[in-house]
Amino acid sequence: MNSRHTSTAKKLATTRLSKEFAYIAALRPKQWTKNLVVFAAPLFAFSINEQSITGSLLALILFCSTSSSFYLINDIADVESDRQHPVKCKRPIAAGLVSIPVALAMALILLASALTIGWLRSPALGATITAYAVLQVAYNVRLKRTVILDIGAIATGFILRAYAGGAATGIVVSPWFLLCTAMLALFLAIEKRKAELRLVKTKGTKPRSVLKRYSLPLLNRMENVVTTGTVVCYALWSSGPFVHGASTSYMLLTMPFVVYGIFRYQLLSDPQEVNNNDDIGLEQGECSERPEEVLLKDLPILLTVAGWVVSCFAILWLKQQGLID
């Protein structure tokens, strides 16, 4: 009898645990890595202190809440089509692990909380989160089906995240910062569309409507323009005070990390490398469709980001100690 009760208790505990994981999975926590962009403003401004870290963490939490609320809303809206999809059918809402009323309540609570706290923190942060929410509505209603504007909308989301980091910490972001962020965001958005288009051609899956207006040659030309703009903007900013950029020209030492990171990302999306799973560490077709997957799974990219962050902190510390100009 005792063993039967123990077995039943274990099953109940397992069921509760799986349900809790389902609620968390419905928020798509893997996507939260995109929101780490909020830390860029204090890092670029060389303002690393308790106030900037606390403010950036708050912005991170608010953007995670806002983005997750729209993931929930999208999954509710697409629940029937997701159930017919070979992969999306495993999402918690489509699989029936999270009910639609509960998911809707979670979405409303997350969104309302993020907007309220954002406005209470500062009008600038509240306005930024509101703008991001409006952008998400516009993107899901129309922009994601409008050629070129869809890429612009994805990039604008990253720009708003970066700006929120400044708004939450009281840091005035420079035009160079916004330019660098915009160029890099456009690069990631174009790479995402390239991977999606290639996946459609290799696996024969049904394409989203906007992909019918794109071609790989067109996206390659767009990528060339944006890649050049990204490298040039960052190089000029890191040149230092001479061009009203970074506070020290020693930031040029971080250029190799930026260039290598961009080239590595392009390598991951190259057709000849897509099947090289041992080197990439991602599943076929997954290589650069989702930036957060690359950041989490590709070791060279992880090391590059870590190297860039460490270098920036080292330069900041040396400048604060008066060892460099």
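Bear in mind the structure is a predicted one, so any value in this text is a computation, not a measurement. (Residues numbered from 1 in each chain as written. Predicted model: local features only at pLDDT ≥ 70, side-chain atom pairs only at ≥ 80, totals over all residues. Heavy atoms only, no water.)

Draft legend 1. Here's a closer look at helix 7 (residues 149-169). For helix 7, which comprises 21 residues, the first-to-last C-alpha distance of 30 Å matches the rise-based estimate of 30 Å (1.5 Å per residue) to within 8%. For helix 7, the buried fraction is high: 16 of the 21 residues fall into the buried class. The positive-phi residue at the C-terminal boundary of helix 7 is G170, with phi of around 75°. (Helix = DSSP H or I, 4+ residues; strand = E, 2+ residues; numbered from the N terminus. Expected span 1.5 Å × (residues − 1). Buried < 20%, exposed > 50% of the residue type's maximum accessible area, 1.4 Å probe, protein only.)

Draft legend 2. Local environment of the confidence of the model for the protein chain. With 85% of its residues at a pLDDT of 70 or more, the protein chain has an overall mean of 83. Per-residue pLDDT stays below 50 along residues 5-15; that stretch engages in 0 contacts with residues further than four places along the chain or on separate chains. Within the model, the stretch residues 277-287 combines pLDDT values under 50 with 28 contacts to residues more than four positions away or in other chains. (pLDDT = per-residue confidence, 0-100. Contact = heavy atoms within 4.5 Å.)

Draft legend 3. Structural view of the environment of A182. Examined against the element boundaries, A182 turns out to sit in helix 8 (residues 175-203). The class for A182 is buried, based on a relative accessible area of 15%. In this structure, the C-alpha to C-alpha distance between A182 and C233, residues 51 residues apart in sequence, is 10.0 Å.

Draft legend 4. Highlighting the pattern of salt bridges. Taken as a whole, this structure holds 9 salt bridges when the rule is applied. With a closest N to O distance of 2.6 Å, R193 and D150 form a salt bridge. Here R193 is found in helix 8, whereas its partner D150 is found in helix 7, with 43 residues between them in sequence. By the burial criterion, R193 is buried, and D150 matches it. Here the salt bridges do not stand alone but share partners, grouping D150, K192, R193 and E196 into one network. (Salt bridge = Lys/Arg side-chain N within 4 Å of Asp/Glu carboxyl O.)

Draft legend 5. Region of the structure containing the packing of aromatic side chains. Under the defined criterion, the tally for this structure stands at 3 aromatic pairs. For the cation-ring pair, R161 lies above F158, with the distance from its terminal atom to the ring centre recorded as 5.0 Å. (Phe/Tyr/Trp six-rings, centres within 6.5 Å; stacked < 30°, edge-to-face > 60°. Lys NZ or Arg CZ within 6 Å of the ring centre and 35° of its normal.)

Draft legend 6. Main features of the UniProt feature "transmembrane region" (unreviewed entry) in the protein chain. Here, UniProt's "transmembrane region" (unreviewed entry) annotation points to residues 93-112, 118-135, 147-164, 170-190 and 299-318. End C-alpha to end C-alpha, residues 147-164 measures 27 Å, and it is 89% helix and 0% strand. End C-alpha to end C-alpha, residues 170-190 measures 31 Å, and it is 76% helix and 0% strand. (UniProt positions renumbered as here; feature names shortened; annotations may be inferred.)

Draft legend 7. The arrangement of the nonpolar core in detail. Core analysis: the largest hydrophobic core is formed by 61 residues, its most contacted members being Y234, W237 and M251. Among the elements of the structure, helix 2 (40-44), helix 3 (50-77), helix 6 (123-141), helix 7, helix 8, helix 9 (216-238), helix 10 (255-268) and helix 13 (299-320) are those that each provide at least two residues to this core. Top contributing element to this core by residue count: helix 8, with 11 residues. When sequence neighbours within four positions are dropped, the list of residues in contact with Y234 reads F44, C180, M251, T254, M255, V258 and W308. Among the nonpolar cores identified, the runner-up in size contains 11 residues, and A22, L27, V79 and I93 belong to it. (Core = buried A, V, L, I, M, F, W, Y, C linked by side-chain atoms within 4.5 Å.)

Draft legend 8. Spotlight on helix 3. Here helix 3 is 28 residues long and its end C-alpha atoms lie 41 Å apart, about the 40 Å a rise of 1.5 Å per residue gives. For helix 3, the N-terminal capping position is held by N49, with its side-chain oxygen 3.1 Å away from the main-chain nitrogen of Q51. (Polar contact = N/O pair within 3.5 Å; in protein donor to acceptor, adjacent residues only side chain to side chain.)

Draft legend 9. Structural detail: the packing of helix 5 (residues 100-121) against helix 6. Where helix 5 meets helix 6, the closest approach of the two axes is 5 Å, and the angle between their N-to-C directions is 150°. One way to sum up the angle between helix 5 and helix 6 is to call them roughly antiparallel. Considering the relative orientation of helix 5 and helix 6, their crossing is left-handed. Between helix 5, through L111, A114, L115, G118, W119 and R121, and helix 6, the contact on the second element is made entirely by P123, L125, G126, A127, I129, T130 and A133. When the residues that make up the contact of helix 5 with helix 6 are grouped by side-chain class, the tally is 9 nonpolar, 3 polar and 1 charged. (Axes fitted to C-alpha atoms, helices over the stretch in contact; angles between N-to-C directions. Parallel < 35°, antiparallel > 145°, perpendicular 65-115°, else oblique. Left-handed = near helix turned anticlockwise from the far one by under 90°. Nonpolar A, V, L, I, M, F, W, Y, C, P; charged D, E, K, R; others polar.)

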